Every structure is written in C-alpha cells, then in structure tokens.
Amino acid sequence: MHKFANPTRFFKACDVVYPWIILLSLSALCLGLYFSLVQSPVDYQQGDTVRIMYVHVPAAWMSMMCYLIMALSCGSSLIWKHAIAFSIARSTAPIGATFTFLALVTGSLWGKPMWGTWWVWDARLTSVLILFFLYIGFITLYHSFDDRSRGAKAASILALVGAINLPIIKFSVDWWNTLHQPASVVKLSGPAIHTSMLTPLFVMAFAYICFYFWILIIRLKAASNLTKIRAFEARQINIETELD
Amino acid sequence: MGRFNAILSRDFRLAIRQGSESLTVVIFFVLCVIIFPLAIGPEKGLLVRIGPGIIWASILLATMLSLENIFQKDFEDGNLDLMCISDFPLELVVIAKITAHWVTTALPLIIVSPILAIFLHMPFETWLNLIFSLFLGTPVLSLIGALGSAVSLGSRKSSLLIPLLVIPLFIPVLIFGVSAADANFLGIDSQPQLVFLGGLLLGSLAICPWVISISIRHALS
C-alpha cells in the first residue's frame with residue numbers, strides 16, 4: 001500500500017486499470033441485467049417483483065462496502081498520513097451516499113407491493129437511513145473548514161466513529177425480529193437462495209463493484225486536477241502581487 | 001484528582017455566574033414539551049401514550065443547543081491550548097468538561113421533568129422508568145455531543161453543523177431511552193432496555209474522551 005502513497009505512481013496505476021474497469025463493469029452490467037431480467041426464474045410468491053432484488057441488494061452491499069472503504073482509508077490517513085488515503089475517502093463518500101440512497105429507494109419500491117407500505121421503521125431500514133446521514137455529515141463536515149487539512153482530519157475522525165453503525169446494519173435483522181427478511185446470502189450455513197437467482201445477483205454485485213472503481217478513478221483524477229488548478233491559481237496570484 | 005476538580009469547579013462557577021445559559025436550555029426544553037400538546041391536540045390518552053417520546057425528543061433538542069459551548073469558548077480564548085500543554089492528561093480534562101456540561105445542562109432538565117410529566121398526564125411507573133432512562137441516557141448525549149463539538153472546532157458554521165453530525169449518533173440512545181420509559185405500554189420489561197442504555201454509556205465513556213482529545217489536538221495543531 002505504501003508503494004502507492006506516491007500520487008504519480010498511483011495515478012499511473014489508475015490509468016492502466018481504467019479502460020479494463022470500464023470494460024468489466026459494462027459487460028458485467030449487460031450480462032447481469034440479461035440474467036436478472038430475462039433468464040432468472042420468477043419467484044413463486046413475489047412474481048416478477050423479485051427482480052427488484054438484483055438492483056436493491058447489490059446497492060445495499062455497496063452502501064456498506066463504500067463506508068468500510070471510507071473508514072479504512074480515513075484510518076490510514078490519520079495513522080500513517082498516507083497521501084492518497086483521504087482523497088479516496090473523500091471521493092468515495094458521495095458514491096456511497098448515492099448507493100445508500102439507491103438502496104433506500106429501491107427497497108421502498110420493493111416494499112410497496114410486498115409489505116404493502118413504502119416505509120417501515122424497522123431496524124434494518126432505520127440503520128441504513130442513519131448510514132445515509134453519516135455520509136451527508138462526513139461530506140458537510142469536510143466542506144465546512146477553510147483549512148482543508150483540518151477538515152480532512154475532523155471528517156476522518158467522524159467517519160471512524162460512524163463505523164460503529166456497520167455491524168449494527170449487518171446484524172440488525174438478526175438482533176431485532178422485524179419486517180426486513182434476515183440474512184439469506186452471506187451467512188455461516190450457506191446461502192438460502194437458489195443458484196438460478198444467486199448467479200445474477202453476484203454478477204450484478206460484481207458490476208456494481210467495478211462501476212464503483214470506475215467512478216472512483218474519475219473522481220480521484222478530478223480531485224487531483226482541482227488541487228493542481230488551485231495551486232496554479234495561487235502561484236498566479238503570488239506572481240501578480242509580487243509584480244505589483 | 002485536584003486538577004480534575006479544579007476544572008470541574010471552574011466550569012460550575014462559569015455556569016453559575018453566567019446563569020442565563022443553563023436557564024435558557026431549561027426554558028427551551030419546557031417550551032418544546034408544551035408545543036407538542038398544542039400541535040397534536042390535548043387528548044389525554046394520546047398524551048399518556050407518547051409522553052416519554054415527547055420528553056426524550058425535547059431533551060435531545062435542548063441538549064443540542066448547549067453543545068457548541070462545551071469547547072468553543074475555551075478554544076477561542078486559548079484556555080484549551082493551556083489544558084492541552086499541561087502534563088494533566090487531556091482525556092481527563094475532557095471527562096471533567098463533559099461532567100460539568102452534564103451537571104449544568106442535563107441535570108436541570110431531569111429535575112424539571114416531573115412537572116412536565118404532570119402536564120402530559122404521565123403515570124407514576126412510566127415516570128419512574130423515564131427518570132432511570134434519563135439518568136443513564138443523558139450522559140451518553142453529553143459524551144457524543146462533546147464529540148460533535150470537538151470535531152467541528154474551528155469550522156465556519158459549527159452551530160449548524162453539530163446537530164447534523166450528532167443526531168444520527170443520538171438515535172440509538174433515543175430508541176432505547178424511549179422503549180425503557182414506554183415499557184409499560186409496549187408490554188415489555190424495562191430492565192433490558194435500561195441495561196442496554198448502561199452499555200451505551202460505558203461504551204461511549206470508553207471511546208468518546210479518547211477520540212475527543214485526538215480531535216482537540218488536531219484542532220489546536
């Protein structure tokens with residue numbers, strides 16, 4: 001990891017990965033959508049509504065994975081002062097917030113026909129809603145400091161504290177007996193879903209992960225270019241004031 | 001322990017001499033509770049049912065008012081720098097300041113809550129559970145709130161920022177606090193909820209002072 005603390009080397013590696021990640025995410029998305037919307041069987045109870053799962057579940061996984069990546073990079077930026085780490089956290093936050101929003105919206109659309117309501121105050125839904133506000137808090141906190149490095153540290157601390165929410169989300173369906181179904185894919189006794197539905201789900205999840213890295217690279221590059229532009233402008237102002 | 005008490009008594013003296021601040025929080029709390037019966041109607045059954053929730057939500061909002069002042073003034077006038085430089089552990093300074101905050105803002109709120117319980121027609125058992133849950137829960141609010149206050153030191157609009165940061169973290173306290181007080185209506189035992197609140201208190205007591213002093217050091221450097 002420390003090898004990539006050098007921004008030049010890091011962005012060179014990004015450039016190598018970038019076209020492949022686009023290719024992978026687009027092909028996985030096409031394959032996954034074909035599998036999930038056409039190939040996969042109709043659920044005997046839910047009918048075609050079950051297909052919302054292929055959009056909803058990967059989004060929910062991503063919302064947690066993004067926070068995990070964010071918290072880990074915040075930790076390494078605080079502990080080892082890794083040069084890229086906070087940049088990754090900062091670029092991940094809006095993506096994670098969007099995935100969380102997507103999970104909440106698709107869940108609500110799935111909940112209406114299945115549970116008969118758009119929203120219930122159950123433990124899983126509430127904890128994911130809190131996750132969404134943690135993302136928003138992180139982004140807002142970072143932007144409310146004039147000194148960016150200070151904002152980075154404050155936001156990192158907040159992200160690490162908020163990570164307490166992750167195990168709560170994961171185990172909320174087991175700890176509290178509520179409307180949201182308990183874990184059916186990632187559990188010790190093996191998945192409780194048939195392979196015909198599990199395969200499209202995993203392909204879609206893979207597509208989402210690749211998509212995340214795709215957007216992350218774009219955002220990282222944009223952030224680095226913005227820093228360069230700011231530095232350039234600052235230099236320009238310095239030269240002008242010296243001339244005056 | 002001498003210096004811990006010194007910080008504690010300094011903050012008490014500041015709170016007593018400025019007086020108005022603790023009083024403002026109490027008045028805000030009372031007004032907040034009064035607003036609910038006016039907004040949803042004075043029907044007795046309804047008020048009895050949601051009384052604990054009203055009091056907990058109002059305590060949450062009232063606590064929010066006072067959070068900015070935990071560290072902000074000391075940060076601005078340089079007292080925090082001195083506390084940080086001294087060989088007295090910053091973690092203990094933080095615990096002292098949080099204790100002072102709890103005694104000067106949360107304790108008055110708990111003291112006035114019996115009067116408000118009368119306003120809301122609250123039965124005695126509910127009120128007793130509510131008091132227990134407040135005694136266990138409000139220190140957690142002070143601890144987490146101090147964290148929000150420390151993290152936003154030196155930001156541009158900390159008074160707007162702090163609620164945004166701490167409300168999501170307050171939610172577990174609110175849930176267990178209300179369900180402990182509401183146990184009679186929910187038909188559950190209040191003890192597990194109170195034990196959970198105690199767990200939250202011990203957990204945040206272990207984590208928060210440490211994290212707060214890290215963020216204060218970052219803010220001062």
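Below or above, wherever it landed, is the structure these notes cover.

Let us now look at the overall build of chain B. Across its full length, chain B holds 10 helices and 0 strands. Element order for chain B, N to C, with α for helix and β for strand: α-α-α-α-α-α-α-α-α-α. In terms of principal-axis extent, the alpha carbons of chain B reach across some 55 × 35 × 30 Å. Taking all 221 residues of chain B together, the buried fraction comes to 51%. The contacts of chain B with a sequence gap of at least 6 include a subset with a gap of at least 24, amounting to 82%. Total accessible area on chain B stands at roughly 9900 Å², and carbon and sulfur atoms take up 72% of it. Considering chain B, the positive charge centre built from 11 side chains and the negative charge centre built from 13 side chains are found 5 Å apart.

A few words on the side chain of Thr126(B). Relative to the helices and strands, Thr126(B) resides in helix α7 (residues 124–151). You can call Thr126(B) buried: its relative accessible area is 1%.

Interface size, as often reported, equals the accessible area lost upon joining of the parts. Contacts between chain A and chain B engage 18 residues on the former and 21 residues on the latter. Of all residues in chain A, Ser144(A), Arg150(A) and Ile157(A) give up the largest surface area on contact with chain B, accounting jointly for 28% of the area buried on that side. Put simply, chain A and chain B have 1 salt bridge between them. Note that Arg156(B) is salt-bridged to Asp146(A), the shortest N-O span being 2.7 Å. For the pair chain A and chain B, the interface holds 5 residue pairs in polar contact (both at pLDDT 80 or more). Every element with two or more residues in the side of chain A that touches chain B is listed here: α4 (123–143) and α5 (148–162) of chain A. When residues in the side of chain A that touches chain B are grouped by element, the largest group, 7 residues, is from α4(A).

What follows is about the environment of Ile169(A). All names here are of chain A. By the secondary structure assignment, Ile169 is in helix α6 (residues 165–175). For the pair Ile169 and Ala123, spaced 46 residues apart in sequence, the C-alpha to C-alpha distance is 7.8 Å. Every residue in contact with Ile169, bar those within four places of it in the chain, is listed here: Met64, Arg124, Ser127, Val128 and Leu131.

On to helix α10 (residues 190–220) of chain B, then. If you check α10(B), its first and last C-alpha atoms are 43 Å apart, about what 31 residues at 1.5 Å a residue would give, namely 45 Å. Along α10(B), the helix axis deviates most sharply at Ser204(B), where the bend reaches about 30°.

On to empty space enclosed by the protein. All names here are of chain B. The full count for this structure, using the stated rule, is 1 cavity of 30 Å³ or more. Considering only enclosed or pocket space, the largest cavity measures out at about 30 Å³ in volume. Looking at the largest cavity, the residues that line it are Thr63, Thr105, Ala106, Leu109, Thr138 and Ser142. Ranked by the residues each element gives to the lining of the largest cavity, the list is headed by helix α6 (residues 90–119), at 3 residues. When grouped by side-chain class, the residues that make up the lining of the largest cavity number 2 nonpolar, 4 polar and no charged.

Looking now at the packing of aromatic side chains. Residue and element names in this part refer to chain A. The full count for this structure, using the stated rule, is 15 aromatic pairs over all chains. Ring geometry for Phe86 against Phe138: centres 6.1 Å apart, planes inclined by 40°, an arrangement best described as tilted. With a gap of 52 residues between them, Phe86 in helix α3 (residues 85–115) and Phe138 in helix α4 connect regions that are remote in the sequence. Of the two residues examined, Phe86 and Phe138, each falls in the buried class.

Now for the side chain of Ser149(B). Positionally, Ser149(B) belongs in helix α7. Residue contacts for Ser149(B): discarding those within four places in its chain leaves Leu67(B), Glu68(B), Ile70(B), Phe71(B) and Ile162(B).

Residue and element names in this part refer to chain A. Overall, the coordinates contain 0 disulfides over all chains when judged by the stated rule. No disulfide involves Cys14; its sulfur sits 14 Å from that of Cys210, the nearest cysteine. Classification of Cys14 as buried rests on a relative accessible area of 8%. No disulfide involves Cys74; its sulfur sits 13 Å from that of Cys66, the nearest cysteine.

Attention shifts here to the packing of α4(A) against α5(A). All names here are of chain A. Where α4 meets α5, the axes come as close as 8 Å, and the angle between the chain directions of the two elements is 165°. Judged by the inter-axis angle, α4 sits roughly antiparallel to α5. Between α4 and α5 lies a crossing whose hand is right-handed. Residues Leu134, Gly137, Phe138, Leu141 and Tyr142 of α4 touch α5, and the partners they reach there are Arg148, Gly151, Ala152, Ala154, Ala155, Ser156, Leu158, Ala159 and Gly162. Each residue belonging to the contact of α4 with α5 can be placed in one class, and the counts come to 9 nonpolar, 4 polar and 1 charged.

A few words now on a nonpolar patch on the surface. All names here are of chain B. Together, Leu23, Ile27, Leu31, Ile34, Leu38, Ile115 and Phe119 line one region of the surface with nonpolar side chains, adding up to about 720 Å² of accessible area. The dominant element in the nonpolar patch, judged by the number of residues it contributes, is helix α2 (residues 20–40), at 5 residues. Along the chain, Ile34 turns up in helix α2. According to the relative accessible area criterion, Ile34 is partly exposed, its value standing at 33%.

Attention shifts here to the packing of α5(A) against α7(B). What describes two packed helices is the angle between their axes and the distance between those same axes. Running from N to C, α5(A) and α7(B) cross one another at 160°; their axes reach a closest spacing of 10 Å. As judged from the angle between their axes, α5(A) and α7(B) are roughly antiparallel. With respect to the hand of their crossing, α5(A) and α7(B) are arranged in left-handed fashion. Of α7(B), the residues touching α5(A) (which contributes Arg150(A), Ala154(A), Ile157(A) and Val161(A)) are Leu147(B), Ala150(B) and Val151(B). Partitioning the contact of α5(A) with α7(B) into residue classes produces 6 nonpolar, no polar and 1 charged.

What counts, and at which threshold
Residues numbered from 1 in each chain as written. Chains lettered and ligands numbered in written order. Predicted model: local features only at pLDDT ≥ 70, side-chain atom pairs only at ≥ 80, totals over all residues. Heavy atoms only, no water. Helix = DSSP H or I, 4+ residues; strand = E, 2+ residues; numbered from the N terminus. Buried < 20%, exposed > 50% of the residue type's maximum accessible area, 1.4 Å probe, protein only. Contact = heavy atoms within 4.5 Å. Areas by Shrake-Rupley, 256 points an atom, 1.4 Å probe, with all protein chains shown as cover. Lys, Arg positive; Asp, Glu negative; His and termini not counted. Charge placed at Lys NZ, Arg CZ, Asp CG, Glu CD. Buried area = accessible area lost by both parts, 1.4 Å probe. Salt bridge = Lys/Arg side-chain N within 4 Å of Asp/Glu carboxyl O. Polar contact = N/O pair within 3.5 Å; in protein donor to acceptor, adjacent residues only side chain to side chain. Expected span 1.5 Å × (residues − 1). Bend = angle between axes of the 7 residues up to and from the residue. 1 Å grid on protein atoms, 1.4 Å probe; cavity = no way out; pocket = protein on both sides within 12 Å on 5 of 7 lines; lining within 4 Å. Points joined across faces, edges and corners; volume = space filled by probe spheres on them. Nonpolar A, V, L, I, M, F, W, Y, C, P; charged D, E, K, R; others polar. Phe/Tyr/Trp six-rings, centres within 6.5 Å; stacked < 30°, edge-to-face > 60°. Disulfide = S-S within 2.5 Å. Axes fitted to C-alpha atoms, helices over the stretch in contact; angles between N-to-C directions. Parallel < 35°, antiparallel > 145°, perpendicular 65-115°, else oblique. Left-handed = near helix turned anticlockwise from the far one by under 90°. Patch = residues over 30% accessible without salt bridge, like charges linked within 9 Å, V, L, I, M, F, W, Y side chains within 5 Å.

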